[in-house]
Amino acid sequence: MSLYRDTGVVLRVQKLGEADRIITLLSRQHGKVRAAAKGVRRTSSRFGARLEPFCHVDVQFYTGRTLDVVTQVETVDAFGPGIVGDYPRYTAACAVLETADRLSAEEGEPALKLYLLVVGALRALSGRERDPALVLDAFLLRAMSFAGWAPALTECARCGTPGPHHSFSVPVGGAVCGGCRPAGAARPTADTFRLLDALQHGNWPVAEGMPNTTRRESSGLIAAHLQWHLERQLRSLPLVERNRVAEVP
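Here's what I pulled together on the structure shown here. Numbers given to residues run from 1 along each chain, matching the order in which its sequence is written. At least 70 in pLDDT is required for a residue's local features to be given in this predicted model, at least 80 for side-chain atom pairs to be given and counted, and no such filter applies to totals for whole chains, interfaces and linings, which use all residues. Only hydrogens and water are removed before side-chain values are computed, so all heavy atoms of the structure are retained for them.

## Comments concerning helix α4 (residues 190–201)
Owing to its 3.6 residues per turn, the α-helix brings residues three or four apart onto one side. Selection criterion: Strands are runs of DSSP state E lasting at least 2 residues, helices are runs of H or I lasting at least 4, and numbering of each runs from the N terminus. Multiply 1.5 Å by the residue count of a helix minus one, and that product is the helix's expected span. For each residue, the accessible area found with a 1.4 Å probe, counting protein chains only, is set against the maximum for its type, and the residue is called buried under 20%, exposed over 50%, and partly exposed in between. Any two residues whose heavy atoms approach within 4.5 Å at even a single point are treated as in contact.
For α4, spanning 12 residues, the distance from its first C-alpha to its last is 17 Å, which sits close to the expected 16 Å at 1.5 Å a residue. Every buried residue of α4 is listed here: Thr192, Phe193, Leu195, Leu196, Ala198, Leu199 and Gln200. Where α4 is buried, its residues contact α3 (132–147), β6 (167–169), β7 (174–176), α5 (204–208) and α6 (212–230). Where α4 terminates, the next one or two residues include glycine 202, which has phi positive at roughly 75°.

Next comes the structure, spelled out in structure tokens:
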């Protein structure tokens, strides 16, 4: 029997038979892993509660024919309690997990940077120190950088002319100058470009100082850019609360 261990974040779970589940994790060393967890739906399960979405766990597997099998689980971080009772944080965290699942399409392919981004986003959401919508948008921008889809913000996406520019085209790849601007390109405010750049580089004082209108405009551009490249809509994004600045305790 071939055993291995890894740490990972539970992205989603699926029912398997009467008492089992298929657990999808994004792990530090092995990328996406799908494994069977035997008996975790029984009330007597020793580690069923540790294999729920948002859990950051240390897991031992043994290699099976079709699916690896979970044999041991230890909690590394319990992010769930700080997330599930708060709707804005819960929906933002669901969008983080769904995005990570889409971006790590190949099982067994290491994705350390994406794993660290997911853990950092869940920790920020669980800690309740920052607005959840801003945490999500920062994660989405950095996850797109991991995938090679980062939008151009300070230069024209088509010709490379340094900005600032006043138009944004999702199909072209971000900010565009007047000469390259295609029909239908958006015209975000200068503050929106500043917010996008602040989120991409972790400049939280600038990001948190922006008004709701600017945050909503930047969120729309980020979501459109991501879903253009994914070629599908994320089911969780329309549920994210973006109508107000969330209170931070």
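## Overview of the packing of aromatic side chains
Where we set the bar: We call Phe, Tyr and Trp rings a pair once their centres come within 6.5 Å, taking the six-membered ring for Trp, and we label the pair stacked below 30 degrees between planes, edge-to-face above 60, and tilted otherwise.
A complete count under the given rule lists 3 aromatic pairs for this structure. Centroid distance phenylalanine 54 to tyrosine 90: 5.8 Å. Interplanar angle 80°. Geometry classified as edge-to-face. Separated by 36 residues along the polypeptide, phenylalanine 54 in the loop between β3 (31–37) and β4 (55–62) and tyrosine 90 in helix α1 (residues 87–103) bring together distant segments of the chain.

## Points about the sheet that holds strand β1 (residues 3–16)
In plain terms, the rule: For two strands to be treated as a pair, DSSP must find no fewer than two bridges joining them. To define axes, lines are fitted to C-alpha atoms, for helices over the stretch in contact only, and angles between the resulting N-to-C directions are given on a 0 to 180 degree scale.
An order of β1-β2-β3-β5-β4 is seen for the 5 strands of this closed barrel, with the pairing classed as mixed. The sheet shows a mean angle of 45° between the axes of neighbouring strands, direction not considered. Two strands pair when backbone bridges link them, and β1 and strand β2 (residues 20–27) are joined in this way by 8 bridges, in the antiparallel orientation. In the sheet register, valine 13 faces β2, and the bridge partner there is isoleucine 23.

## Quick word on the pattern of salt bridges
For the record, the criterion: A carboxyl oxygen of Asp or Glu within 4 Å of a side-chain nitrogen of Lys or Arg is what we treat as a salt bridge.
Under the criterion given, the structure shown has 9 salt bridges. Ionic pairing is found between glutamate 52 and arginine 21, a salt bridge with its closest N-O pair at 2.8 Å. Linking glutamate 52 in the loop between β3 and β4 with arginine 21 in strand β2, this pair joins segments that are 31 residues apart in sequence. Take glutamate 52: its relative accessible area is 29%, and that puts it in the partly exposed class. For arginine 21, a relative accessible area of 19% puts it in the buried group.

Scope: geometric values only; no functional claims are made or implied.
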